Amino acid sequence: MSTDERNFRSTYYEKVGCRSVEEKRSLEILLKEKPLNRTKLKQFCLRFTVPSVHRALLWNLLLGLAPVFCDSHDYVMAQWSMVYDDLLRALKVLRLIDDKTSKSRIFYAMWLLENRKLKAGVNINIDHTFVDITEVLNGSSISENDVDLYCIAKGFYDITLEISRDFAKMKDLTYLLLEKEDNAVFKHLNSLDILRALPMEKWYSSCFAGVLPKLSLIRIWDKICGKSKKIIVFVFIVLLNTQRVKVFRFKTVKEVLDHIDTIKENQEKGDLIVTKSIELWQQNRSHRSQND
């Protein structure tokens, strides 16, 4: 069979849902192993799209929140539920939250309290990466269980802290790969000093929360949970590349940011950016390490 025929069949199977069905079956086989093999689950996460029905469980496992022994899952969840209820009760007693407080802000206050950062006079309504993360999780239907969501938010936030620590290296890699993948965009933005003025550190530390549509972004976060943090570099490159026609018209960083701000409400554009980001990341095999 020729390469074109294989590509055609692969695309066809994906469109009719056969590929996703096969991937779901493969994951279900892995989830039946005793004990569960985190290495195999990471590899699945990196290679395939995670079925939404299994995403919460898979993320819990990969983030180290759930044990590899399935028989212990109920016990662990019960312990997390007790912690969650205690934190929630304490915040209500302290009158820091009420019925009008959003779930994201409640989770942020709980995280502050749990980590002994909830000091007198603290403002739980400030901008914070933890809040950005919880808003994506709340809007992506990853789980209907608030305890689950809070735990996942904590685990994912820990990864964003790793990204923040590695930002200097990631920034250098971004410039290097952008110059290679789209030299014209790189030169245009660099000549106008726009490239260095973009909020890359904020975007990277929040893994593009609030930049791309939530339902699109969650597929990128699958890879990040699989320990491929560098995929966010490819998201940045594709974000600019897919908007290159308009980018060339812009002369200021405000124009670029105003345009990018419209993408989070455009599901079609978000899906395109995420799909192309994953494809570009897959093509650059040297940056697909599970612990990059």
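Residues numbered from 1 in each chain as written. Predicted model: local features only at pLDDT ≥ 70, side-chain atom pairs only at ≥ 80, totals over all residues. Heavy atoms only, no water.

Looking at the overall build of the protein
Move 1: Helices and strands together make up the secondary structure of the protein, namely 16 helices and 0 strands.
Move 2: Relative to the globule expectation of 19 Å for 292 residues, the C-alpha radius of gyration of the protein, 20 Å, shows essentially globular dimensions.
Move 3: Each principal axis of the C-alpha atoms in the protein carries an extent, and together these give about 55 × 50 × 30 Å.
Move 4: For the protein, contacts bridging at least 24 residues in sequence account for 71% of all contacts bridging at least 6.
Move 5: Across the protein, the centroid of the 46 positively charged side chains sits 2 Å from that of the 38 negatively charged ones. (Helix = DSSP H or I, 4+ residues; strand = E, 2+ residues; numbered from the N terminus. Rg over C-alpha atoms; globule rule 2.2 N^0.38 Å. Contact = heavy atoms within 4.5 Å. Lys, Arg positive; Asp, Glu negative; His and termini not counted. Charge placed at Lys NZ, Arg CZ, Asp CG, Glu CD.)

Overview of the pattern of salt bridges
Move 1: By the definition in use, this model includes 10 salt bridges.
Move 2: Two residues, K154 and E114, come together in a salt bridge whose shortest N-O distance is 3.0 Å. You can see K154 sitting in helix 8 (residues 146–165) and its partner E114 sitting in helix 6 (residues 103–114), a full 40 residues away along the chain.
Move 3: Taking the relative accessible area as the measure of exposure, E114 reaches 30% and is therefore partly exposed.
Move 4: The closest approach of N and O atoms between R244 and D182, which form a salt bridge, is 2.8 Å. Of the two residues, R244 is situated in helix 14 (residues 244–247) and D182 in the loop between helix 9 (167–181) and helix 10 (183–191); the sequence distance between them amounts to 62 residues.
Move 5: By relative accessible area, R244 is classed as partly exposed at 29%. (Salt bridge = Lys/Arg side-chain N within 4 Å of Asp/Glu carboxyl O. Buried < 20%, exposed > 50% of the residue type's maximum accessible area, 1.4 Å probe, protein only.)

Considerations on the packing of aromatic side chains
Move 1: All told, the structure shown has 16 aromatic pairs when counted by the stated rule.
Move 2: Seen in terms of ring centroids, W59 and F156 are 6.1 Å apart; in terms of plane orientation they differ by 15 degrees. Their pairing is stacked. Of this pair, W59 sits in helix 4 (residues 52–62) while F156 is found in helix 8, placing the two residues 97 residues apart along the sequence. Neither W59 nor F156 differs from the other in exposure class; each is buried.
Move 3: Plain terms: the ring middles of W111 and Y157 are 5.1 Å apart, the flat faces sit at 75 degrees to each other, and that makes the pair edge-to-face. Of this pair, W111 sits in helix 6 while Y157 sits in helix 8, placing them 46 residues apart in sequence.
Move 4: Judged by relative accessible area, which is 9%, W111 ranks as buried.
Move 5: Among the aromatic side chains, those forming a connected cluster through ring pairs are F167, W203, Y204, F208 and F236. (Phe/Tyr/Trp six-rings, centres within 6.5 Å; stacked < 30°, edge-to-face > 60°.)

Focus on the environment of V256
Move 1: With respect to the secondary-structure elements, V256 resides in helix 15 (residues 253–260).
Move 2: Separated by 13 residues in sequence, V256 and Q243 place their C-alpha atoms 9.5 Å apart.
Move 3: Aside from chain neighbours lying at most four places away, what touches V256 is I194, L198 and F250.

Here we look at the side chain of S104
Move 1: Tracing the chain through its elements places S104 in helix 6.
Move 2: Residue S104 is classed as buried on the basis of its relative accessible area, which comes to 5%.
Move 3: Separated by 3.3 Å, the side chains of S104 and N138 make a polar contact.
Move 4: What S104 contacts, discounting residues up to four positions off in sequence, is V131, T134, E135 and N138. (Polar contact = N/O pair within 3.5 Å; in protein donor to acceptor, adjacent residues only side chain to side chain.)

Quick word on the packing of helix 12 (residues 214–225) against helix 16 (residues 267–283)
Move 1: At a closest axis distance of 8 Å, the pairing of helix 12 and helix 16 adopts a crossing angle of 20 degrees. By the criterion of interaxial angle, the relationship of helix 12 to helix 16 is roughly parallel. Here helix 12 runs over helix 16; the crossing is left-handed. Only Q267, G270, D271, V274, T275, S277, I278 and W281 of helix 16 make contact with helix 12, whose side of the interface consists of L215, S216, L217, R219, I220 and K223. (Axes fitted to C-alpha atoms, helices over the stretch in contact; angles between N-to-C directions. Parallel < 35°, antiparallel > 145°, perpendicular 65-115°, else oblique. Left-handed = near helix turned anticlockwise from the far one by under 90°.)

Examining the nonpolar core
Generally speaking, a soluble globular protein has its nonpolar side chains buried in company with each other.
Move 1: Within the largest apolar cluster, 94 residues are counted, with the highest numbers of intra-cluster contacts made by L137, Y204, F208, W221 and F236.
Move 2: Leaving out residues up to four positions away in the same chain, W221 has contacts with W59, I133, V136, L137, F156, S206, C207 and A209. (Core = buried A, V, L, I, M, F, W, Y, C linked by side-chain atoms within 4.5 Å.)

A look at the confidence of the model for the protein
Move 1: Of all residues in the protein, 91% attain a pLDDT of 70 or more, and the chain-wide mean is 90.
Move 2: Under a pLDDT of 50 for its full length, residues 1–18 has, in the predicted model, 6 contacts with residues more than four places off or in other chains. (pLDDT = per-residue confidence, 0-100.)

Focus on the state of the cysteines
Move 1: Enumeration according to the criterion identifies 0 disulfides in this entry.
Move 2: Its sulfur unpaired, C70 is 17 Å from the next cysteine sulfur, which belongs to C45.
Move 3: Residue C70 is classed as partly exposed on the basis of its relative accessible area of 32%.
Move 4: Free of any disulfide, C207 has its nearest neighbouring cysteine sulfur in C225, separated by 9.0 Å.
Move 5: Judged by relative accessible area, C207 falls into the buried class, the value being 0%. (Disulfide = S-S within 2.5 Å.)

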